[in-house]
Amino acid sequence: MTTHDPAFTEHLHGEPPGLEGPRGGHAPPPRRAPFPSAAVALALVGALLGALFAALSTSDFMQHLDRQVHAIHCSFLPGAAKDISASGCRTVMMSPYSSFLRERLWGGVPVSVWALAVFAFLAYRTALMLWRRRASSGDTKVLLAAAALPVAMSILFGAVSIYVLDAVCKVCIGIYSASALCFAGALLAHRALRAAPGEARFVPALLEGTALVAAVTLAYVAFVPRPDPRTSMLGCGSLVHAEDSAGVMIPLTSSAGGTPSIEVLDPLCASCKAFDARLAASSLGERLELAGVLFPLDSKCNWMVTEAIHPGACAVSEAVLCAAGVGPGPKNAAAAGAVLRWAFARQTELRELGARDEAALRVEIEREFPAVAGCLGGALVRSKLTKSLRWAVANAIPVLTPQLFVGDRRMCDEDTDLGLEYTLGRMLSPEAAQERALRRAAEPPRPPPPPARADLQASATVKPPEEVATGTRTPAARAAAEPTAAGGVADPPPAPSPVEAVPDEARAEPTPEPTPPPSDAEAPAMSPKPSHEETER
């Protein structure tokens, strides 16, 4: 029965009865949203996979700190068999984008170390949420923001890998996928708990993550091996005759006033292409006055290799020389650089074409660079390329590309990839320049370099290579050596014909030339060994 007694209805304040809570006149608290265990577990799996892939990448990077070539992981399956051959993973690891602080530390600090620290932080946060079985929308906001960092870095480095390096790294793709998986789990968890009240504590989380990244980085720097400081400054060996008396060097940079340097390269060598990219990305390259000496690892013109390691390299090297100019006078650095960049960009295609049909390769070169037509394949440029190889013999250059000489000191082969910036910075230091000057002053006088023969006129006292090897003589030489029947006095030799005036090395179809015997002015060449690219396979 309804009552209007004020003793019973005064507390209602005109409100209809029946809206009160069961106790104390308050509505019951809202029900807590169920904990999204599956979404948080998904984020944890992504973080653990990312940490695993990042650890493999860091391990591969660290084992190269002994400055030797090693097999690396390159598979979508973590822990799969290693491979020593050329791969996208090796290309990415050796690129200037795989690590930072390279000028201060040999190899620098790899990006994978920081990725490992970030994924470890994400695994810690998600595992803590799963253990507590409770979280707020603030907690998931922090997790979502932290998971967005590796996703953003994956987009950035993926674009660099595809559009700059033209390579695909399977381990990197594993990291990218793990980043997406972790972000998806964090997003699903946040959507499930967005109604749960809670403050997003970004500052403490940021301090935690930063401290973890700093600790991992300091541990890496503390335990990374240090190279020999003497080798870093002075390299491994020196040039015997750095002079370019035959005019075989082509300018590669226009940094006037820089330290004179020489790069020995093969235009179809993949390691030379990677070295060029690393040098161009480094600020230290601007301090070099760099010249190039062509050393094609192709048996068509290089008698120091027994097979065509890089088929077509002789034809492309001729094109570079033709573009630069084979005659006396200044070289055309821009034209030679254009041919080199074109060859670097199409190395695989050009090597395959050179192995299949070198004549077709020469046609393709002339179609791309009409200015070299008439010079490519001619006697003059072939003679110039032979003299380039003889310069390598006179300086005891190993059969290896690429090689870099800073001043007259040769950078060690193991320092031309990950340790390029660190070693080059020390070889360009004032202390290294002073040490090189002291060593040159203490060395005994070197014999003069052998005289360079003219491109189109053989020396009267030097026999062509075929004549030295087989004992045969040209008609002019036989006429000069045979006495007359009357008095035993030889008649003056007839004037050489245009064909006879050209040394055998410069003829249109030269035969492979044997290695010239070393003289007092020539150090013996080292035994042939494969290029950097072959060593890495």
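You'll find the structure just up there.
Model, not experiment: these values are computed from the prediction.

Looking at the sheet that holds strand 5 (residues 250-251)
Here comes step 1: Ordered by their spatial adjacency, five strands build an open sheet running 5-7-6-8-9, and the pairing between neighbours is mixed. The open sheet has two edge strands, strand 5 and strand 9 (409-410), and neither has a second partner.
Here comes step 2: Examined bridge by bridge, strand 8 (residues 403-406) and strand 9 share two bridges and lie antiparallel to one another. Looking across to strand 9, one finds that Val406 is bridged to Arg409.

Quick notes on the nonpolar core
Among soluble globular proteins, nonpolar side chains are generally buried collectively.
Here comes step 1: Judged by nonpolar contacts, the single largest core of 50 residues is most densely connected at Leu122 and Tyr220.
Here comes step 2: At the level of elements, helix 2 (37-63), helix 3 (88-94), helix 4 (111-132), helix 5 (137-164), helix 6 (170-192) and helix 7 (202-223) are the ones that each hand at least two residues to this core.
Here comes step 3: In terms of residues, this core owes the most to one element, helix 2, which gives nine residues.
Here comes step 4: Among residues more than four places away in sequence, those in contact with Tyr220 are Phe61, Met62, Leu65, Leu105, Gly108, Val109, Pro110 and Val113.

Examining unusual backbone geometry
Here comes step 1: With an omega of -5°, the peptide bond running from Thr401 to Pro402 counts as cis.
Here comes step 2: Within the chain, Leu101 stands out as a residue other than glycine whose phi angle is a positive 60°.
Here comes step 3: The backbone phi angle of Ala396 is positive, close to 55°, even though this residue is not glycine.
Here comes step 4: Relative to the elements of secondary structure, Ala396 occurs in the loop between helix 14 (379-394) and strand 8.

Section: the state of the cysteines
Here comes step 1: In the structure shown here, the tally under the stated rule is four disulfides.
Here comes step 2: Covalently, Cys236 is tied to Cys412 through a disulfide, its sulfur atoms 1.8 Å apart. On the sign convention where negative means left-handed, the S-S torsion of about 80° between Cys236 and Cys412 marks this disulfide as right-handed. Residue Cys236 is found in the loop between helix 8 (229-234) and strand 5, and its partner Cys412 is found in the loop between strand 9 and helix 15 (420-427); the two are separated by 176 residues along the sequence.

Quick look at the packing of helix 12 (residues 347-356) against helix 13 (residues 358-368)
Here comes step 1: Where helix 12 meets helix 13, the closest approach of the two axes is 6 Å, and the angle between their N-to-C directions is 135°. When the axis of helix 12 is compared with that of helix 13, the two are oblique. Of the residues in helix 13, those touching helix 12 at Leu350, Leu353, Gly354 and Arg356 are Glu358, Ala360, Leu361 and Glu364.
Here comes step 2: A per-class count over the contact of helix 12 with helix 13 returns four nonpolar, one polar and three charged.

About the thresholds
- Residues numbered from 1 in each chain as written.
- Predicted model: local features only at pLDDT ≥ 70, side-chain atom pairs only at ≥ 80, totals over all residues.
- Heavy atoms only, no water.
- Pairing = 2+ DSSP bridges.
- Helix = DSSP H or I, 4+ residues; strand = E, 2+ residues; numbered from the N terminus.
- Core = buried A, V, L, I, M, F, W, Y, C linked by side-chain atoms within 4.5 Å.
- Buried < 20%, exposed > 50% of the residue type's maximum accessible area, 1.4 Å probe, protein only.
- Contact = heavy atoms within 4.5 Å.
- Disulfide = S-S within 2.5 Å.
- Axes fitted to C-alpha atoms, helices over the stretch in contact; angles between N-to-C directions.
- Parallel < 35°, antiparallel > 145°, perpendicular 65-115°, else oblique.
- Nonpolar A, V, L, I, M, F, W, Y, C, P; charged D, E, K, R; others polar.

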